[in-house]
Amino acid sequence: MELSSPLKPSNSNIFHRTHDLSFSSSVSPFPIKTRFQNPKFRKPISLNLTISSALDSQEKQELPQNSPQRLLKELSQRKKFVPPNKRVPPKRFILKPPLDDAKLAQRFLNSPQLSLKQFPLLSSCLPSMKFNNADKTWIDEYLLEAKQALGYPLEPSENYGDDNPAKQFDTLLYLAFGHPHCERTNARHVRSGHSRLGFLGQYVLELALAEFFLQRYPRESPGPMRERVYALIGKRFLPKWVKAASLHNLIFQYDDMDKLIRKEREPPVKSVFWALFGAIYLCFGMPEVYRALFEVFGMDPEDEECQPKLRRQLEDVDYVSAEFEGRKLSWQEVAAYKPPEDALFAHPRLFRACVPPGMHRFRGNIWDYDSRPQVMNTLGYPLQIKDRIPEITNARNIELGLGLQLAFLHPSKHKFEHPRFCFERLEYVGQKIQDLVMAERLLIKHIDAPGTWLQEKHRRLLMNKFCGKYLREKHLHRFIIYSEEVQDSYEHNRRLRNPATTSVQQAIHGLSYTVYAKPDVRRLMFEVFDFEQTQPKAV
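Along each chain, residues carry numbers from 1 onward, in the same order as the chain's sequence is written. Reporting in this predicted model follows two pLDDT cut-offs: at least 70 for local features of residues, and 80 or more for side-chain atom pairs to be given and counted; totals over whole chains, interfaces and linings ignore these cut-offs and use all residues. Excluding hydrogens and water, the side-chain figures rest on all heavy atoms present in the structure.

Asker: What should I look at first to understand the overall build of the chain in this one?
Answerer: Only DSSP runs of H or I with at least four residues qualify as helices, and only runs of E with at least two residues qualify as strands; both kinds are numbered from the N terminus onward. On a plain count of helices and strands, the chain comes out with 25 helices and 0 strands. Three exposure classes are used, based on accessible area relative to the maximum for each residue type with a 1.4 Å probe and protein chains only: buried under 20%, partly exposed in between, and exposed over 50%. Expressed as a percentage of its 539 residues, the buried residues of the chain come to 44%. By the convention used here, residues are in contact when the closest approach between their heavy atoms is within 4.5 Å. The long-range fraction of contacts in the chain, counting pairs at least 24 apart against all pairs at least 6 apart in sequence, stands at 72%.

Have a look at this one:
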């Protein structure tokens, strides 16, 4: 290219640069004007991009438009963008395709949960599959230590007969120590089996201590009793009992329990404690629950830390049953008690602890003649029981009528003059027995469900507003006995009426348990009141 300028270069310079410059044959007659007023510099463009784009265009031209290789190459080159705040859910929360019918049927048929036909509740709490090598290793190393700490024979429980529920104790004891914070809980059968035992065990403990304190303190109201129960089995006190029984090393095998903070120490201890009593209740019954509580774990109901807060007590001038007068029953007497052969009730001493002898003064009043027959007809009472002597049947029906009148007796009527002439003590035991009956029902009905799901289902079915609603649907709330001063406000204000109907509902279950035992509570809950009816969701 030729440059035109007023200054002509010398011949020597042209001679030296002839090998560097190439001159075109056409020379422009117009001079080139340079503009340096507003210079604009651009970034240099890399040749690599142009070369790569040219290569890509050649490859795209080579591959057809609908070629799968071309689509795969474009997908691989496209960058994957993941938002920084979005976390990928764990694998256990990702839904899996359901098993086909053949595999599902085979899984249930091979499950140990269907192996015991004569013990359906115990069978439903067995693991969903047979133990693997890791489970057997823990059983070989630590199970003897656990059985020795709990005071049970060291020989394998498999030596018992098939008609003995204690045959499955080793299996349930292993599941009881598989709490969610240990490594063995990664296995589904351990995690689910442990949570189901804990779900049952918490209601077993509540009922056992409610029956014990009702018989030990026949004049006390349920408020102080609840404080006593919490001081014994509240989660903040459980590490003390577990350490007293030398079970803390089996729960925390790699940590010192005393050095852990509360939120790391209390949840595993509570989970194992509940599951242990679920296993003991299934294999040995309620008397063994009392022995484990007061002998193995060393709980003392007379300890200073277990005493309720001081409060103003109403003066109780009424009599108690002769077996409670002047003494406090020990846990041995409560655990070893067996009703006599011709007893009027299934739990006669618990009935006497809840229904005071002075209730006979209400026999023959207006409610006894007018309301009692309607209530008994709605509830299906009295049940047909063949007694050896007809007088026993008549006496039971009389006591049942007085108990029903007490269950409908609101505290506003007589409590300030006669503290035990109201439904409070029957309500306390009724609340605990209906919790346990519903827990057993859910365990048998949903054998593949974990304990956390059962706990939420249990809570939704037994909400207080539903318990009162079932009573009102049977039109039994019209028979509640209020004092004249508050009767109008309770009948026309649902905020007052609904809690009262809930209390009466639970008191009826408590009376049913003391008179006819647990089967009649099931009849009332699932046949008379239909506790499992589908509830509409709140809008």
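Asker: I would appreciate a short explanation of the packing of helix 18 (residues 390-407) against helix 24 (residues 494-516) in the present structure.
Answerer: Between two packed helices, what matters for the description is the angle formed by their axes and the separation of those axes. The contact between helix 18 and helix 24 brings their axes to 9 Å, and the two run at 160°. If you check the angle between helix 18 and helix 24, you find them roughly antiparallel. As helix 18 packs across helix 24, the resulting crossing turns out to be right-handed. In this structure, helix 18 contributes Arg-396, Asn-397, Leu-400, Gly-403, Leu-404 and Ala-407 to the contact, and helix 24 contributes Val-504, Ala-507, Ile-508, Leu-511, Val-515 and Tyr-516. Residue polarity is assigned by list, with Asp, Glu, Lys and Arg as charged and Ala, Val, Leu, Ile, Met, Phe, Trp, Tyr, Cys and Pro as nonpolar; anything else, Gly included, falls into the polar class. Of the residues belonging to the contact of helix 18 with helix 24, the class tally is 9 nonpolar, 2 polar and 1 charged. Under this scheme, a helix contributes an axis fitted over its contacting stretch, all axes are lines through C-alpha atoms, and angles between N-to-C directions fall in the 0 to 180 degree range. With respect to orientation, any angle under 35 degrees is reported as roughly parallel, any angle over 145 as roughly antiparallel, any angle of 65 to 115 as roughly perpendicular, and every other angle as oblique. Should the near helix be turned counterclockwise from the far one by less than a right angle, the crossing is left-handed, whereas a clockwise turn marks it as right-handed.

Asker: What exactly am I supposed to notice about the nonpolar core here?
Answerer: Side chains of nonpolar character tend, in soluble globular proteins, to be buried together. Throughout, nonpolar core names a set of buried Ala, Val, Leu, Ile, Met, Phe, Trp, Tyr and Cys residues whose side chains join them through atoms within 4.5 Å. Counting residues in hydrophobic clusters, the biggest one holds 137 residues, and the most contacted among them are Phe-177, Phe-273, Phe-297, Leu-379 and Phe-408. Among the elements that line this core, the one with the most residues is helix 8 (residues 188-216), at 14 residues. For Phe-408, the residues in contact, after removing those within four places along its chain, are Trp-367, Val-375, Leu-476, Phe-479, Ile-480, Ile-481, Val-504 and Ile-508.

Asker: Please explain the side chain of Thr-514 as it appears in this structure.
Answerer: With respect to the helices and strands, Thr-514 occurs in helix 24. Among the residues examined, Thr-514 registers a relative accessible area of 0% and is labelled buried. In contact with Thr-514, other than residues within four places in its own chain, are Phe-345, Ala-346, His-347, Leu-350 and Phe-351.

Asker: For this particular structure, what's the right way to read the packing of aromatic side chains?
Answerer: Each aromatic ring pair is described using two quantities: the centre-to-centre distance and the angle formed by the ring planes. Any two of the Phe, Tyr and Trp rings considered here, Trp counted by its six-membered ring, make a pair once their centres fall within 6.5 Å; the pair's planes then place it as stacked at under 30 degrees, edge-to-face at over 60, or tilted in between. Scanning all chains against the criterion turns up 23 aromatic pairs. Pairing Trp-138 with Tyr-142 gives two aromatic rings, centres 5.4 Å apart and planes at 40°, and the pair type is tilted. Linking Trp-138 with Tyr-142, this pair stays in helix 6 (residues 133-150), spanning 4 residues, or about one helical turn. A cation sits over an aromatic face here: Arg-349 above Tyr-337, 4.1 Å from the ring centre. Note on geometry: a ring has a charge over it if NZ (lysine) or CZ (arginine) is within 6 Å of the ring centre and within 35 degrees of the ring normal.

Asker: Where do I start with the side chain of Lys-415 in this structure?
Answerer: Looking at the secondary structure, you find Lys-415 in the loop between helix 19 (411-414) and helix 20 (424-445). Each polar contact in these results corresponds to two N or O atoms within 3.5 Å; when the atoms are within protein, one needs to be able to donate a hydrogen and the other to accept it, and residues that are neighboring in sequence are counted only if both atoms are side-chain atoms. Engagement of the side chain of Lys-415 in a polar contact is seen with the side chain of Glu-424, the distance being 2.7 Å. With near-sequence residues (within four places) excluded, Lys-415 lies in contact with Leu-314, Cys-422 and Glu-424.

Asker: Could you clarify how one ought to interpret helix 21 (residues 451-461) in this entry?
Answerer: Because an α-helix completes one turn every 3.6 residues, residues spaced three or four positions apart along the sequence face the same direction. Burial in helix 21 covers these residues: Gly-451, Leu-454, His-458 and Leu-461. An end-on view of helix 21 places all buried positions within 85° of arc, on one side of the element. Where helix 21 is buried, its residues meet helix 8, helix 20 and helix 22 (464-473). Read the arc as the range of directions from the helix axis to the C-beta atoms.

Asker: Any chance you could explain the pattern of salt bridges here in plain terms?
Answerer: Two side chains of opposite charge can pair, provided their charged atoms sit close to one another. By salt bridge we mean one thing: a side-chain nitrogen of Lys or Arg within 4 Å of a carboxyl oxygen of Asp or Glu. Evaluated as defined, the whole model comprises 29 salt bridges. Arg-459 is the salt-bridge partner of Glu-456, the closest N and O atoms lying 2.8 Å from each other. One end of the pair is Glu-456 and the other is Arg-459, both in helix 21 and 3 residues apart, which spans about a single turn. For Arg-459, a relative accessible area of 43% corresponds to the partly exposed category. By sharing partners, the salt bridges in this structure join Arg-216, Glu-302 and Lys-328 into a single network.

Asker: In this structure, what is going on with the environment of Val-320? I would like to understand it.
Answerer: Within the secondary structure layout, Val-320 lies in the loop between helix 13 (286-296) and helix 14 (331-336). Between the C-alpha atoms of Val-320 and Val-355, which are 35 residues apart in sequence, the distance is 9.1 Å. Not counting chain neighbours up to four residues away, the residues in contact with Val-320 comprise Pro-218, Arg-219, Glu-325, Pro-357 and Arg-420.

Asker: Before we go on, may I ask you to explain the packing of helix 7 (residues 169-176) against helix 8 in this structure?
Answerer: Two elements in contact, helix 7 and helix 8, have axes separated by 8 Å at closest approach and are oriented at 95°. Considering the angle they form, helix 7 stands roughly perpendicular to helix 8. For the pair helix 7 and helix 8, contact is made by Leu-172, Tyr-174, Leu-175 and Ala-176 and by His-189, Val-190, Gly-193, His-194 and Leu-197, respectively. Grouping the constituent residues of the contact of helix 7 with helix 8 by class yields 6 nonpolar, 3 polar and no charged.

Asker: How do you make sense of the confidence of the model for the chain when you look at a structure like this?
Answerer: In regions of low pLDDT, the predicted coordinates are not meant to be interpreted in detail. Across the chain, the average pLDDT comes to 84, with 83% of residues at or above 70. pLDDT measures the predictor's confidence residue by residue and takes values from 0 up to 100. With pLDDT under 50 throughout, residues 1-10 is counted as low confidence; its partners more than four residues away or in other chains account for 7 contacts. Low pLDDT, under 50, characterises residues 45-51; the predicted model gives this stretch 0 contacts beyond four residues in sequence or across chains.

Asker: Where do I start with helix 9 (residues 222-233) in this structure?
Answerer: One less than the number of residues in a helix, times 1.5 Å, gives the span that helix is expected to have. Between its first and last C-alpha, helix 9 extends 16 Å over 12 residues, near the 16 Å set by a 1.5 Å rise per residue. Along helix 9, the residues classified as buried are Pro-222, Pro-224, Met-225, Arg-228, Val-229, Ala-231, Leu-232 and Ile-233. Buried positions along helix 9 lie against helix 8, helix 10 (238-244), helix 12 (262-284) and helix 20.

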